[in-house]
Amino acid sequence: MSAGEALLAEAARSLIDPQGRALAAAVQWWELAGLEGRWPVALLGQGPPLLLLHGFDSSLLEFRRLAPLLAARSTLVIPDLYGFGFCPRPSEGSYNPAGVLAHLEALLAAIAERISPDPMGLIGASMGGSVAVELARRQPERIERLLLLAPAGLTGRPKPLPPLLDLLGVRFLALPGVRRGLVRTAFADPASSVGPAEEQIASLPLAVPGWGMALGRFARSGGFAGCGDPLPPQPLQVLWGANDRILRPAQKRAAQALLGERLRELEDCGHLPHLDQPQRVAETWAGAAEQR
């Protein structure tokens, strides 16, 4: 059993958040073509397949509040992105956008074999929004429609961190006080929304061997940026929190100019609509399905 498998198994027993425990318990470990090791994929629900992609320096547990609201109508497939969450992190891995997308394309092939070859829905949060857009362009026959939640990286240019600065950034992100502050910044009302349960889930992946190495290499690559040009041809909706304090106002204005009427703002919502307003997110997804 890998370190990531052991951590998630323990999380299914001991996380403070009961929805986090339930989602951790739904994780399977898949072998994927072209990749060594076993890869975490939460699988739950029934109906057409729906793929959910988390954000930067996060994990599949990010969807703990949204998953129960979608599972009655969809078969949810919730992976950890390559180099993040509880994934194995081989030293020779490609911790950059190309590596993230190669892992997801291998996952799509496995979904077609294990679950259904039919086109699927796709929800991406924060950086996962840009990943979703890139994946939809590369695999148009496999992705039916998209919902992006406060997408990061649709506009702008990659900004690779030089050596040493990436390592300093990783050490900074590992500081307990810094992680606590980031978690609080992500919610619209941290005083009522953030406590030990959220801080526990946000810090858990740091215990996976190679967390800092993979995060530093990804930062050095420049990450996902400028991914919205052109937008994919599939139907696309975007939800953005009115109280988002993670993405800067200039980023939001640029995204609004790109997305136009596809973007809808949610009041009393921060950078994580699927945690601040999971019911609204689920209703948006279901409503778009009914209109088709």
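Residues numbered from 1 in each chain as written. Predicted model: local features only at pLDDT ≥ 70, side-chain atom pairs only at ≥ 80, totals over all residues. Heavy atoms only, no water.

A. The pattern of salt bridges, seen in detail. With the rule as written, the count across this model stands at nine salt bridges. Glutamate 5 is the partner of arginine 38 in a salt bridge, and the nearest nitrogen-oxygen pair spans 2.9 Å. Taken together, the positions of arginine 38 in the loop between strand 1 (27-30) and strand 2 (39-45) and glutamate 5 in helix 1 (residues 3-14) put the pair 33 residues apart, joining distant regions of the chain. For arginine 38, a relative accessible area of 39% gives the class partly exposed. Between arginine 138 and glutamate 105 there is a salt bridge, with the nearest N and O atoms lying 3.1 Å from each other. (Salt bridge = Lys/Arg side-chain N within 4 Å of Asp/Glu carboxyl O. Helix = DSSP H or I, 4+ residues; strand = E, 2+ residues; numbered from the N terminus. Buried < 20%, exposed > 50% of the residue type's maximum accessible area, 1.4 Å probe, protein only.)

B. Spotlight on the pairing of strand 2. With four bridges connecting them, strand 1 and strand 2 associate as antiparallel partners. Following the sheet pairing, valine 27 is matched in strand 2 by alanine 42. By the bridge criterion, five bridges tie strand 2 to strand 4 (residues 75-79) in an arrangement that is antiparallel. The residue of strand 4 that forms the bridge with leucine 44 is leucine 76. (Pairing = 2+ DSSP bridges.)

C. Region of interest: the pairing of strand 6 (residues 143-149). The buried fraction of strand 6 is high, at six of seven residues. Two strands pair when backbone bridges link them, and strand 5 (residues 120-125) and strand 6 are joined in this way by six bridges, in the parallel orientation. Bridge pairing in strand 6 places alanine 125 opposite leucine 149. As judged from the four bridges shared by strand 6 and strand 7 (residues 236-241), these two strands associate in the parallel manner. Within strand 7, the residue paired with leucine 148 across the bridge is valine 238.

D. Fine view of empty space enclosed by the protein. Inspection of the entire model under this criterion finds one cavity of 30 Å³ or more. Taken as a whole, the largest cavity holds about 30 Å³ of empty space. Forming the boundary of the largest cavity are Asp57, Ser58, Phe84, Gly85, Arg89, Pro205 and Trp211. (1 Å grid on protein atoms, 1.4 Å probe; cavity = no way out; pocket = protein on both sides within 12 Å on 5 of 7 lines; lining within 4 Å. Points joined across faces, edges and corners; volume = space filled by probe spheres on them.)

E. A look at the side chain of lysine 252. Inspection of the secondary structure assignment puts lysine 252 in helix 11 (residues 249-259). A polar contact of 2.3 Å, which involves the side chain of lysine 252, links it to the side chain of glutamate 265. What lysine 252 contacts, discounting residues up to four positions off in sequence, is Trp240, Gly241, Ala242 and Glu265. (Polar contact = N/O pair within 3.5 Å; in protein donor to acceptor, adjacent residues only side chain to side chain. Contact = heavy atoms within 4.5 Å.)

F. Layout of the state of the cysteines. Tallied over the entire structure, the rule returns zero disulfides. Between cysteine 227, a cysteine without a disulfide, and cysteine 87, which holds the nearest cysteine sulfur, the sulfur-to-sulfur distance is 19 Å. The buried category is assigned to cysteine 227, whose relative accessible area is 1%. (Disulfide = S-S within 2.5 Å.)

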